[in-house]
Amino acid sequence: MAPNEQTVFQRPSSLKEVPTHYCAGCHHGTVHRLVAEAIDLLDVQQQTIGIGSVGCSVLLYDYFDIDVVEAPHGRAPAVGTGVKRVHPDSVVFTYQGDGDLAAIGTAEIIHAANRGELITVIFLNNTTYGMTGGQMAPTTLPGQVTTTSPYGRDVTKEGYPIRVAELLAMLGGTAFSARVAVDTPKRVMEAGRTILKAFEMQVKKQGFAFVEVLGACPTNWGMSAIEANERVGKEMMDYFPLGVYKDITASG
Amino acid sequence: MKKIIIDEEFCKGCGLCAEACPKQLLKIGSKLNKQGYPLVEIESSDQEKCVSCALCARVCPDVALKITKPEK
């Protein structure tokens, strides 16, 4: 860099200098960066322990320059509970997709939240099982065509999508629950602030913090990256409204 | 001066940065990287028009863009 230049934006130091395996336009990369930026801003890279889950984000230990424990499918909040209780001074976060957190891991997330475990949970909701090939997930929208709902999700047979952020906000142990999206620059910045707050609450020992991020899965939605990005705002937000559903630190 | 520095091994040509650019300086070109993804491009004459807002870099899922601005 020339001496008369100033850096406006660069890769956060908690994110390794390696290309990811994610498809073009997949929002996992954006959320990884926001988590890494939060770790950098709070200066907790040395204490942070990530809990990887099963799904496309299973390889996140290759991308974050922090310690990572890989949890069995859906059990990331349970593993996170153990890690945090053994190492109370560490900063523990789980990073889960909707197939992991909202399907097989429903019990773990609800009880971890209800116990008020001092962990941060980052939940990427892209309404499908990405890694296994686009099957119907609990968060799949009504009418959405997936490989296991070829005629569209029929709510009379398969039920309704689960709104996890609202569900967890009702539990006594939850300190913070919010839903954000990363489809436009403005929302990416808002998501970054929300994720930072969720980590900050853990550092300040204020309780269980949960952030749901709406993201795109262009490959399994059968769309281009641009179309998939638009679908997040056009279709997903009608059923999954953005907002902060619980914040014990908010006044008033 | 280059304000937008594109890391060609990271870019996957998704085009989200081109959508985000308020000045529409970025576009997906025909050049491919090692992985076979088409790369995002900016004309070197357009680097001067860039206002270093970094919106492109913030929406990039692959953190392929680095943004600089001249020091005041």
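No experiment lies behind these values; they were computed from the predicted model shown.

Here is what the cut-offs are and how they apply
- Residues numbered from 1 in each chain as written.
- Chains lettered and ligands numbered in written order.
- Predicted model: local features only at pLDDT ≥ 70, side-chain atom pairs only at ≥ 80, totals over all residues.
- Helix = DSSP H or I, 4+ residues; strand = E, 2+ residues; numbered from the N terminus.
- Rg over C-alpha atoms; globule rule 2.2 N^0.38 Å.
- Buried ≥ 20, exposed ≤ 12 C-beta atoms within 10 Å, placed from the backbone.
- Pairing = 2+ DSSP bridges.
- Axes fitted to C-alpha atoms, helices over the stretch in contact; angles between N-to-C directions.
- Contact = placed C-beta atoms within 7 Å.
- Nonpolar A, V, L, I, M, F, W, Y, C, P; charged D, E, K, R; others polar.
- pLDDT = per-residue confidence, 0-100.
- Core = buried A, V, L, I, M, F, W, Y, C linked by C-beta atoms within 7 Å.
- Parallel < 35°, antiparallel > 145°, perpendicular 65-115°, else oblique.
- Left-handed = near helix turned anticlockwise from the far one by under 90°.

Things to note about the overall build of chain B
Now for step 1: Within chain B one finds 2 helices and 4 strands.
Now for step 2: Put simply, chain B runs from its N terminus to its C terminus through helices and strands in the order β-α-β-β-α-β.
Now for step 3: Relative to the 2.2 N^0.38 estimate, which gives 11 Å for 72 residues, the radius of gyration of chain B is 11 Å and therefore close to what a compact globule would have.
Now for step 4: Its C-alpha atoms give chain B principal-axis dimensions of roughly 40 × 20 × 20 Å.
Now for step 5: Looking at the 72 residues of chain B, the share that counts as buried comes to 43%.

Description of the sheet that holds strand β2 (residues 48-52) of chain A
Strand pairing in a sheet is mediated by backbone hydrogen bonds. Such pairs are either parallel or antiparallel.
Residue and element names in this part refer to chain A.
Now for step 1: Within the open sheet, the 7 strands sit side by side as β3-β2-β4-β5-β7-β6-β8. Their pairing is mixed. Of all strands in the sheet, those with a lone pairing partner are β3 (67-70) and β8 (243-247), marking the two edges. Across this sheet, the average inter-strand angle for adjacent strands is 15°, counted without regard to direction.
Now for step 2: As paired elements, strand β6 (residues 174-181) and strand β7 (residues 208-214) share 7 bridges and run parallel to each other. Note that in β7 the partner of Arg179 across the bridge is Glu212.
Now for step 3: Sitting on the sheet, helix α7 (residues 185-203) touches β4 (91-97), β5 (120-125), β6 and β7, and the angle it makes with β6 is about 165°.

A short note on the interface of chain A and chain B
Now for step 1: Each side of the interface is counted separately: chain A has 26 residues, and chain B has 25 residues.
Now for step 2: Contributing elements (two or more residues each) for the side of chain A that touches chain B: β1 (5-9), α1 (28-42), α7 and α9 (225-239) of chain A.
Now for step 3: Examining the composition of the side of chain A that touches chain B, we find that 5 residues originate from one element, β1(A), more than from any other.
Now for step 4: The residue inventory of the side of chain A that touches chain B, partitioned by class, reads 13 nonpolar, 10 polar and 3 charged.
Now for step 5: Here β1(A) runs beside strand β4 (residues 65-70) of chain B; their pairing, made up of 4 bridges, is antiparallel. Along β4(B), the bridge assignment pairs Gln6(A) with Lys69(B).

Thoughts on the confidence of the model for chain B
Now for step 1: This prediction gives chain B a mean pLDDT of 93; 100% of its residues lie at or above 70.
Now for step 2: Reported for the predicted complex are a pTM of 0.96 and an ipTM of 0.95.

Regarding the pairing of β4(A)
Residue and element names in this part refer to chain A.
Now for step 1: Of all the 7 residues making up β4, 7 are buried; the element is thus mostly covered by neighbouring parts of the structure.
Now for step 2: Residues Val91, Phe93, Tyr95 and Gly97 of β4 are buried on one face, and the alternating residues Val92, Thr94 and Gln96, pointing to the opposite face, are buried as well.
Now for step 3: Direction of pairing for β2 relative to β4: parallel, over a ladder of 5 bridges. Counted as the bridge partner of Gly50 is Phe93 from β4.

A closer look at the sheet that holds β4(B)
Now for step 1: On the basis of which strands lie adjacent, the open sheet formed by 3 strands has the order β1(A)-β4(B)-β1(B) and antiparallel pairing. The open sheet is flanked by β1 of chain A together with β1 (4-6) of chain B, the only strands paired with a single partner. Adjacent strand axes in the sheet meet at a mean angle of 35° when their direction is disregarded.

Observations concerning the nonpolar core
Now for step 1: One finds Val35(A), Ile122(A), Phe210(A), Val211(A), Val213(A), Cys17(B) and Cys56(B) to be the most contacted residues of the largest nonpolar core, which totals 96 residues.
Now for step 2: Non-local contacts of Ile122(A), meaning those with residues more than four positions away in its chain, are made with Val31(A), Val35(A), Phe93(A), Thr94(A), Tyr95(A), Ile195(A), Val211(A) and Val213(A).

Examining the packing of α1(A) against α7(A)
Residue and element names in this part refer to chain A.
Now for step 1: Running from N to C, α1 and α7 point in directions that differ by 45°, and their axes come no closer than 9 Å. On the basis of their axis angle, the class for α1 and α7 is oblique. Two packed elements cross with a definite hand, and for α1 against α7 that hand is right-handed. Contacts between α1 and α7 pair Thr30, Leu34, Val35, Glu37, Ala38, Leu41 and Leu42 from the former with Val188, Ala191, Gly192, Ile195, Leu196, Phe199, Glu200 and Val203 from the latter.
Now for step 2: Residue composition of the contact of α1 with α7, grouped by class: 11 nonpolar, 2 polar and 2 charged.

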